[in-house]
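Reading the structure
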Amino acid sequence: MSLTELQLRKANLSEVPQIWEIIQDAIEQRRLEGSKQWQDGYPNELSITNDINTGFGYVLTENETILCYAAIIFDIEPAYEEIEGQWLSKGDYVVVHRVAVSKLAKGKGIATKLFQKTEDLAIQQNVYSIKVDTNFDNTPMLKILDKLNYTYCGEVYFRGAARKAYEKMLA
């Protein structure tokens, strides 16, 4: 699977049912791995609809088949304003949330490709920092962040729970 075949684009509202199915599979995968992440009713269909309505919902597709969903946010993440630790930068950044890969594409490096495409998108928008957080027990995501040279910066809090925070400088 080459990167040329994969396209990162904004999601459409008509794709919410398909995206929600991918998210539900990811929620179940997290549960099977014994994780507490995404086991509290979030994210849900409304999260996805809101992402798309605000222009933050993106899909990674191959021949129009949705392989991965993520919220890619070119805006301030309020939870990131207070970090126990220190970010690498203080300027503009893009946030990646709610990454979920289709069962069709599991184990094919699709989430890694999503992050690579997000880096390209950020640079196109003259944003040279990507910030992301994940659960302490989300081993697949931790491995991706390590492989792509993200730097652990500390902890941030979402809905009362600590999350590992990472940043990557693109320039």
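Above this text is the structure in question.
Residues numbered from 1 in each chain as written. Predicted model: local features only at pLDDT ≥ 70, side-chain atom pairs only at ≥ 80, totals over all residues. Heavy atoms only, no water.

1. A few points about the packing of aromatic side chains
- Counting across every chain of the model gives 5 aromatic pairs.
- Judged by centre distance (6.4 Å) and plane angle (35°), the rings of Y80 and Y93 are tilted. Of this pair, Y80 sits in the loop between β3 (65-73) and β4 (84-85) while Y93 sits in the loop between β4 and β5 (94-101), and the two are 13 residues apart along the sequence.
- The class of Y80 is buried, set by a relative accessible area of 2%.
- The exposure class of Y93 is buried, given its relative accessible area of 7%.
- On the numbers, 6.2 Å between centres and 80° between planes, the contact of Y80 with F158 is edge-to-face. You can see Y80 sitting in the loop between β3 and β4 and its partner F158 sitting in strand β7 (residues 151-158), a full 78 residues away along the chain.
- Members of the aromatic cluster, each reached through a chain of ring pairs, are Y80, W87, Y93 and F158.
- Across from the ring centre of Y93, 4.0 Å away, lies the NZ or CZ of K131, which sits over that ring.
- The ring of Y152 carries the charged tip of K164 above its face, separated from the ring centre by 5.4 Å. (Phe/Tyr/Trp six-rings, centres within 6.5 Å; stacked < 30°, edge-to-face > 60°. Helix = DSSP H or I, 4+ residues; strand = E, 2+ residues; numbered from the N terminus. Buried < 20%, exposed > 50% of the residue type's maximum accessible area, 1.4 Å probe, protein only. Lys NZ or Arg CZ within 6 Å of the ring centre and 35° of its normal.)

2. As for the packing of helix α3 (residues 110-124) against helix α4 (residues 139-147)
- Between α3 and α4, whose axes approach to 10 Å, the crossing angle comes to 45°. In this view, α3 runs oblique relative to α4, as classed from their interaxial angle. Crossing handedness for the pair α3 and α4: right-handed. Contact residues: α3 offers A111, T112 and F115, while α4 offers M141, I144, L145 and K147. (Axes fitted to C-alpha atoms, helices over the stretch in contact; angles between N-to-C directions. Parallel < 35°, antiparallel > 145°, perpendicular 65-115°, else oblique. Left-handed = near helix turned anticlockwise from the far one by under 90°. Contact = heavy atoms within 4.5 Å.)

3. What to know about the nonpolar core
- Ranked by size, the top nonpolar core spans 30 residues in total, and within it V99, I110, F115 and Y150 carry the most contacts.
- When residues of this core are traced back to their parent elements, those giving at least two are β1 (6-10), β2 (57-62), β3, β5, α3, β6 (129-134) and α4.
- In terms of residue count, α3 provides more of this core than any other element does, 6 residues in total.
- Not counting residues up to four positions away in its chain, the partners in contact with Y150 are F115, E119, I130, V132, L145, Y166, E167 and K168.
- The next biggest cluster of nonpolar side chains, apart from the first, holds 15 residues, and it includes V16, I23, A26 and I52. (Core = buried A, V, L, I, M, F, W, Y, C linked by side-chain atoms within 4.5 Å.)

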